[in-house]
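Residues per chain are reported as follows:
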Amino acid sequence: MPVTSSAAVTLLRVCLILSAVAASVFCGCGRTQADRTDMFVLGTEDRGTYECLTIEMTVADGDRVKSYLLVPDHGPGDRLPAVLMLHDHGARFDIGKEKLACPPSDEPLRVRNSSAQWADKYFDGAYMADSLAAGGYVVLVADALYWGDRCSRDALAWSEMTFGRSPSVSGKDREADGPGNARNPDARLFKAAAFEGQRHLYDSLARNGRIWAEKILDDDRACASFLASLPYVDRDRVGAFGFSMGAHRCWLLAAFSDDIKFGAAVCWMLMKADYDSSSVSDLSMRIPSLRDSLDFPEIARLICPKPMLFVSGTDDPLFPAASAAEAYAEMSGIYSESGEKAAFSSFFSEGGHHCGQAVQDSIYAFFAGAVR
């Protein structure tokens, strides 16, 4: 008896979920529930209508992670919408959470300078976490393994050479203006070592039965669980955002976390046939069981019916527009099959691999509709 399209979709969904559950048993992914009573506040900074807390929390495998928790002013009993912000890759490992949230004034100079340069380059100088907090959202931003406070010694040395000894300057060329440019061969060596260190980390985790990308996903699931558990958060209005690798993390998290109810993914979607997986950077996003089972847009089968917004650049060299458009058409079709066509939206922004102010405004509008 032939299997109908609907039955095939259901079967695939069940098989993938069972596969994910089985993986959690063997690699420890089941230990992802974060306990807010385990949170330790390292510092606070008043930012007018909201507060930025620097916290330490527990993620998967019992790892303790430094994070930023941005909390708007609220009254007793208020339940606010919330967004988990997921940072990009960018081959920039010295910062992670600081790519999306303005680092507190007591962070080292190298962190503040590096963060400002990144915000200028990819976000038109804006910190999206702070913009959302100012708009009434509770926001959590944590470092993925190998970024920010979890980076390697090589990345730390490069960052200190590049951003720790120079004054903050404006513009997208701040990195080139620092001592870590071509005039400083030591900085270039540290940067190359940090990049190659991805392979060492992947291999080290693999020897212990862990897949790096699964570890990142498990940590993200723990962060989502933690955020939803906060007493001033409405757990039915918790979403996720990500740019570039963060977008990849966002749609994976939407598929595998019940705590995430909606999401916005910017600049990471295309057909698998058009994707170049040869770079060592792909190791941070490669989950073999999923890569072997699904084309990228088919993840929509696990996300639907959650509201999702996908954005790509018309001239993005990493994710060609034609391939992204084909992927979006397939994802839209998957939502339509389930009678949830209105829950999926996508558009192309003018330009390349970038999340500028116009795209940010569209995301804020989408979130406002999702939490209404």
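Counting restarts for each chain, with residues numbered from 1 along the sequence as it is written. Whole-chain, interface and lining totals are the exception, using all residues; otherwise, since this is a predicted model, local features are given only for residues with pLDDT of at least 70 and side-chain atom pairs are given and counted only at 80 or more. Hydrogens and water molecules were not included; the side-chain quantities draw on all heavy atoms of the structure.

Participant: Please clarify how the layout of surface pockets should be interpreted in this entry.
Facilitator: Where empty space is left becomes clear once a probe the size of a water molecule has been rolled over the atoms. As defined here, a cavity is a set of points on a 1 Å grid over the protein atoms alone where a 1.4 Å probe fits but cannot get out. A pocket is an open set with protein on both sides within 12 Å along at least five of seven lines, and residues line them when an atom is within 4 Å of a point. Grid points are joined across faces, edges and corners, and a volume is the space filled by probe spheres set on the points. In this model, the second largest pocket occupies a volume close to 420 Å³. Taken together, 21 residues make up the lining of the second largest pocket; nearest its centre are Ser244, Ser281, Met285, Leu318 and Phe319. Its residues placed into classes, the lining of the second largest pocket shows 11 nonpolar, six polar and four charged. Any residue that is not Ala, Val, Leu, Ile, Met, Phe, Trp, Tyr, Cys, Pro, Asp, Glu, Lys or Arg is counted as polar, Gly included; the first ten are nonpolar and the last four charged.

Participant: I keep staring at the confidence of the model for the protein and nothing clicks. Help me out?
Facilitator: In regions of low pLDDT, the predicted coordinates are not meant to be interpreted in detail. Averaged over the protein, the pLDDT score is 89; the fraction of residues at 70 or greater is 85%. In this model, residues 1–11 is a region of pLDDT below 50 whose contacts with residues beyond four sequence positions or in other chains number four contacts. Known as pLDDT, the predictor's confidence for each residue is given on a scale from 0 to 100. Whether two residues touch is decided by their heavy atoms; if any such pair falls within 4.5 Å, the residues are in contact. Low pLDDT, under 50, characterises residues 168–174; the stretch is placed with 14 contacts to residues that sit more than four places away or in other chains.

Participant: So what exactly am I meant to see when it comes to helix H4 (residues 153–163) here?
Facilitator: At 3.6 residues per turn, the α-helix brings residues three or four places apart onto the same side. Three exposure classes are used, based on accessible area relative to the maximum for each residue type with a 1.4 Å probe and protein chains only: buried under 20%, partly exposed in between, and exposed over 50%. Only DSSP runs of H or I reaching four residues or more are called helices, and only runs of E reaching two or more are called strands; each is numbered from the N terminus. All buried positions along H4 are accounted for by Ala155, Trp158, Ser159, Met161, Thr162 and Phe163. Projected onto a plane normal to the axis of H4, the buried residues spread over an arc of 170° and lie on a single side. In this description, the arc belongs to the directions extending from the helix axis to the C-beta atoms.

Participant: Help me understand the packing of aromatic side chains, please; the structure alone is not making it clear to me.
Facilitator: We describe a pair of aromatic rings using the distance from one ring centre to the other and the angle between the two ring planes. When two rings of Phe, Tyr or Trp (its six-membered ring) have centres within 6.5 Å they constitute a pair, described as stacked for plane angles under 30 degrees, edge-to-face for angles over 60, and tilted for the intermediate range. Counted by the stated rule, this structure contains 22 aromatic pairs. Ring geometry for Tyr275 and Phe296: centres 5.4 Å apart, planes at 90°, overall edge-to-face. On the criterion of sequence distance, the pair formed by Tyr275 in the loop between strand S7 (262–266) and helix H9 (288–293) and Phe296 in the loop between H9 and helix H10 (300–303) is long-range, its members being 21 residues apart. For the pair formed by Tyr275 and Phe296, the shared burial category is buried. With 5.9 Å between their ring centres and 55° between their planes, Phe310 and Tyr328 make a pair best called tilted. Here Phe310 is found in strand S8 (residues 308–313), whereas its partner Tyr328 is found in helix H11 (residues 321–337), with 18 residues between them in sequence. When its relative accessible area of 3% is taken as the criterion, Tyr328 is described as buried.

Participant: For this particular structure, what's the right way to read the packing of helix H7 (residues 212–229) against helix H8 (residues 245–256)?
Facilitator: Convention adopted: a line fitted to C-alpha atoms gives each axis, helices being fitted over their contacting stretch, and angles between N-to-C directions are expressed from 0 to 180 degrees. Where H7 meets H8, the axes come as close as 10 Å, and the angle between the chain directions of the two elements is 65°. As judged from the angle between their axes, H7 and H8 are roughly perpendicular. Of the two elements, H7 crosses H8, and the hand of that crossing is right-handed. Contacts between H7 and H8 pair Ile216, Leu217, Asp220, Arg221 and Ala224 from the former with Arg249, Leu252, Leu253 and Phe256 from the latter. Working definition: roughly parallel below 35 degrees, roughly antiparallel above 145 degrees, roughly perpendicular at 65 to 115 degrees, and oblique for all remaining angles. Left-handed describes a crossing in which the near helix is turned anticlockwise from the far one by less than a right angle; the clockwise case is right-handed.

Participant: It is not clear to me how the pattern of salt bridges should be interpreted in this structure. Could you clarify?
Facilitator: Working definition: two side chains of opposite charge can pair if their charged atoms are close together. We count a salt bridge whenever a side-chain nitrogen from Lys or Arg sits within 4 Å of a carboxyl oxygen from Asp or Glu. Summed over the entire model, instances satisfying the criterion amount to 26 salt bridges. For Lys97, the salt bridge identified is with Asp143, shortest N-O distance 2.7 Å. Here Lys97 is found in the loop between strand S4 (80–86) and helix H2 (109–123), whereas its partner Asp143 is found in the loop between strand S5 (138–142) and H4, with 46 residues between them in sequence. Of the two residues, Lys97 and Asp143, neither departs from the other in class, the shared state being buried. The residue Asp218 makes a salt bridge to Arg221 at a minimum N-O spacing of 3.5 Å. Of this pair, Asp218 and Arg221 both sit in helix H7, three residues apart, roughly one helical turn.

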